[in-house]
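# Descriptive structure summary
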Protein chains: 2
Amino acid sequence: MHKDAVNNKKDLIETDAMTSITIDCVIFGFQEGSLEILLVKHAEGISKGKWGLPGGWIKKKESTDAAAYRLLRELTGLDKLFLEQLKAFGDPDRFPLDRVITIGYYALVKRENYRLKAGFTASEVGWFKMKDIPDLIYDHNQILNFSLRHLRNRIRQAPIGFNLLPEKFTLLELMHLYEEILGIEMDKPNFRRKILKMKLLRDLNEKQVGVSHRAAKLYSFDEKIYHKLTEKGFNFEF
Amino acid sequence: MHKDAVNNKKDLIETDAMTSITIDCVIFGFQEGSLEILLVKHAEGISKGKWGLPGGWIKKKESTDAAAYRLLRELTGLDKLFLEQLKAFGDPDRFPLDRVITIGYYALVKRENYRLKAGFTASEVGWFKMKDIPDLIYDHNQILNFSLRHLRNRIRQAPIGFNLLPEKFTLLELMHLYEEILGIEMDKPNFRRKILKMKLLRDLNEKQVGVSHRAAKLYSFDEKIYHKLTEKGFNFEF
């Protein structure tokens, strides 16, 4: 939530938004081997100058999912991205001015598609590596930690990690993504053997260009198998 | 929600509850090899005479978790039970009279401990087998289906299924629990070997009494290992 609940009561009535319930979103990106989170610096209200998760109000006539998509579109300009609800965060003291329950979401963004949209109400927007996350407003550190545990759990069961990678990627980039999210080190030949066996990847018969090291083969993932596995659920055992 | 949102606005102000956000709870029990759900028949309001999930309002000064525990205590008289949030259900048309978002929870109850508490406002309360679930009010069938998918997923990763069994149980009862929740048939010797290997169970050196068939050995689960596995997360592969 980037504004002040009490100051905005009038705005809320005018925009026909729900009071006492908001949405906050953890946006994950993956850049140069690091998992990053998009944070916004609040421009006004009691949290002015502090970083927090992007979020906002829910209009009375839109679903919570639609509200989350709208907020992300307003922030990133992206229409199609991976978005899922985490859960509701309902500690009575989580917001200092009033009782506000927030519904947490998380999104996975391909950094190559990401474009920050001008005109967003936050004064500043930035990507932060996990180890550089500052002290966030309200319970946003707690929501962020929950989302990371959830993401770790989800990428073992569904190949949603591909939503963080460019369209064409190397096996090493894919392995680094899993290593970074799960916080473990993997054995490259072992990873290569297991991931190719899943038949999730399409060999593009292309190689990296403009790299100083030996160019590696590029892959994309097979959307049909991806959807089948996502629906059915499976287990990545590395 | 067992009452009518509009009729109760006055009650809400008096009890200092939040408006436009409620809690609904899927309570699972396990009886004679069948997974069952506790439903309440609504005594008043627009849904009078229809079955639905037990639920209610959130007080302004209690957390959503505390509200869910309170509602379950009011309904079942039980203080200690397994309870987890599912997610928020936020379709704008889910409740016909007003915009109300509900936070879904699910609870696992040992039927031997369960006692229906008198004085609950619903006119009737009953356990329903999954195949006998009637057409429920609002989006409660959707919440119930979501909770079942969630439960299937969770019992593969954490030994939470024990919360549905009596303190002392046979291996066959445990296998039937997994078969019923996962909707699959299992091989008994295979199940026996795998579950004993996990060292989750304590052999009580006791046998069933008063059964017509050959009395089977009784087990309880080892609470220490249970908590370790629940925290760490693991995978039941049957």
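Residues numbered from 1 in each chain as written. Chains lettered and ligands numbered in written order. Predicted model: local features only at pLDDT ≥ 70, side-chain atom pairs only at ≥ 80, totals over all residues.

## Considerations on the relation of the copies chain A and chain B
The two copies are related by a screw motion: chain A maps onto chain B through a turn of 180° and a shift of 0.0 Å along the axis, at an RMSD of 0.0 Å. Interpreted geometrically, this transformation is the action of a two-fold axis. Considering only C-alpha atoms, the part of chain A nearest the rotation axis is Lys 87 of chain A, at 2.2 Å. When you check the interface residues of chain A against chain B, 100% turn up at the interface there too, and the contact is symmetric in its surfaces. (Least-squares fit on C-alpha atoms with pLDDT ≥ 70 in both. Contact = placed C-beta atoms within 7 Å.)

## A short note on the domain arrangement of chain A
Interface size is often expressed as the accessible area that is lost when the parts come together. All names here are of chain A. Domains assigned within chain A are domain 1 (9-144) and domain 2 (157-232). A separation of 29 Å is found between the C-alpha centroids of domain 1 and domain 2. Those elements that place two or more of their residues in the side of domain 1 that touches domain 2 are strand S1 (17-31) and strand S2 (34-41). Broken down by element, the residue count for the side of domain 1 that touches domain 2 peaks at 3 residues, all from S1. Split into classes, the residues belonging to the side of domain 1 that touches domain 2 amount to 5 nonpolar, 3 polar and 2 charged. (Domains from an automatic or database assignment. Helix = DSSP H or I, 4+ residues; strand = E, 2+ residues; numbered from the N terminus. Nonpolar A, V, L, I, M, F, W, Y, C, P; charged D, E, K, R; others polar.)

## Overview of helix H5 (residues 188-197) of chain A
Here H5 of chain A lies mainly on the outside; 0 of its 10 residues are buried. Directly after H5 of chain A, the chain includes Lys 199 of chain A, whose backbone phi takes a positive value near 60°. (Buried ≥ 20, exposed ≤ 12 C-beta atoms within 10 Å, placed from the backbone.)

## Focus on the nonpolar core
Counting residues in each nonpolar core, the largest one holds 102 residues, and the members touching the most others are Cys 25 and Phe 28 of chain A together with Cys 25 and Phe 28 of chain B. Setting aside chain neighbours within four positions, we find Phe 28 of chain A in contact with Leu 35, Ile 37, Tyr 106, Ala 107, Leu 108, Val 109, Leu 151 and Leu 164 of chain A. (Core = buried A, V, L, I, M, F, W, Y, C linked by C-beta atoms within 7 Å.)

## Re the pairing of strand S4 (residues 55-59) of chain B
All names here are of chain B. By the criterion of burial, S4 is predominantly enclosed, with 4 of the 5 residues buried. By the bridge criterion, 4 bridges tie strand S1 (residues 17-31) to S4 in an arrangement that is antiparallel. Paired with Asp 24 across the strands is Gly 55, a residue of S4. (Pairing = 2+ DSSP bridges.)

## Re the interface of chain A and chain B
Residue-level contacts link 18 residues of chain A with 18 residues of chain B. Among the elements of the structure, S1, strand S5 (82-89) and strand S6 (101-108) of chain A are those that each provide at least two residues to the side of chain A that touches chain B. Here the residues of the side of chain A that touches chain B are counted per class, giving 6 nonpolar, 6 polar and 6 charged.

## Notes on unusual backbone geometry
Even without being a glycine, Asn 205 of chain A presents a positive backbone phi close to 50°. As for its placement among the helices and strands, Asn 205 of chain A is situated in strand S8 (residues 201-207). Not every positive phi belongs to a glycine, and Glu 32 of chain B is a case in point at roughly 45°. Mapped onto the elements of the fold, Glu 32 of chain B is located in the loop between S1 and strand S2 (34-41). According to the C-beta neighbour criterion, Glu 32 of chain B is exposed, with 9 such atoms within 10 Å.

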